[in-house]
Amino acid sequence: MTDASAATTQRAFLDLLHAQRVWDVELPAFDPAAAPPAPLPLFHAWFAEAVAAGQAEPHTMTLATVDAEGLPDVRTLMLHDADGRGWHFATHATSAKGRELAALPYAALGFYWPAQGRQVRVRGPVIVCSPAESSADLHARSTGALASALVGRQSEVLGSTGELDRASDAAWQRAQEEPGAEVASWTRYVVEPREVEFFQGDARRRHVRLRYRRAGADRADWTRELLWP
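One structure accompanies this document, and this report is about it. (Residues numbered from 1 in each chain as written. Predicted model: local features only at pLDDT ≥ 70, side-chain atom pairs only at ≥ 80, totals over all residues. Heavy atoms only, no water.)

### Details of the packing of helix α5 (residues 143–151) against helix α6 (residues 161–177)
Move 1: The N-to-C vectors of α5 and α6 enclose an angle of 125°; their axes lie 8 Å apart at closest approach. Judged by the inter-axis angle, α5 sits oblique to α6. In this structure, the crossing between α5 and α6 has a hand that is right-handed. Across the interface between the two elements, T143, G144, L146, A147, L150 and V151 from α5 touch A167, S168, A171, W172, R174, A175 and Q176 from α6.
Move 2: Classifying every residue of the contact of α5 with α6 by side-chain character gives 8 nonpolar, 4 polar and 1 charged. (Axes fitted to C-alpha atoms, helices over the stretch in contact; angles between N-to-C directions. Helix = DSSP H or I, 4+ residues; strand = E, 2+ residues; numbered from the N terminus. Parallel < 35°, antiparallel > 145°, perpendicular 65-115°, else oblique. Left-handed = near helix turned anticlockwise from the far one by under 90°. Contact = heavy atoms within 4.5 Å. Nonpolar A, V, L, I, M, F, W, Y, C, P; charged D, E, K, R; others polar.)

### Focus on unusual backbone geometry
Move 1: Despite not being glycine, E57 has its phi angle at roughly 45°, a positive value.
Move 2: Summarising the element assignment, E57 is placed in the loop between α2 (39–52) and β1 (60–66).
Move 3: Classification of E57 as exposed rests on a relative accessible area of 51%.
Move 4: Located in the positive-phi region is S155, a residue other than glycine, with phi close to 80°.
Move 5: Position of S155 among the secondary structure elements: in the loop between α5 and α6. (Buried < 20%, exposed > 50% of the residue type's maximum accessible area, 1.4 Å probe, protein only.)

### A word on the environment of Y106
Move 1: The topology assignment puts Y106 in strand β5 (residues 106–113).
Move 2: Here Y106 falls in the partly exposed class, since its relative accessible area comes to 37%.
Move 3: Along the primary structure Y106 and M1 are separated by 105 residues, whereas in three dimensions their C-alpha atoms are 43 Å apart.
Move 4: Excluding its chain neighbours within four sequence positions, the residues that come into contact with Y106 are A64, L101, R123, G124, P125, V126 and R194.

Taken by themselves, the reported measurements are silent on function.
The structure is reproduced here in structure tokens:
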């Protein structure tokens, strides 16, 4: 690619990027003074409202960890639960994120629901669930999810797509024949919240940010504070 064509391509990209609009919908109001004393009920309410608003895949979230060199790493995955213990997800303990969490069990989560201009951020230590909980998590999911887990080798270098096809076909067959098959590396994790922030976007950029911070050892003891947008 010549310098001129590269510049043209870059200009076209910037024009397309700058043409995008944010929140071309009516955004809900959020009164932080009426928020509950703990973050979990508000998260449950916002999640239900995101579903009602037609938000695609509201249960997807970003998970940020730190690698062996202290550099940030991030990916998108599914929320499996949010309860009094924290925010739950699962993956292979042998995956990149599993190894990173074993070395430094602390993470951040991010939810973005553009249908309502909302974000939720969660930070805290990560707890490994018991083998029984991890097994129950695996078998509560679909046949396809079990097949994917049976393939394993997540984050390893793949030689070819044909190799993946063969492994996937074999895993699908086993998942159908053995719905109770175990995957030793499959692990459920819980992010125990130390901070939870709720962000309500505003078309005039007067965004409302409410942060909960754990005030002590008691799971019910939280302080609330507003942040400048």
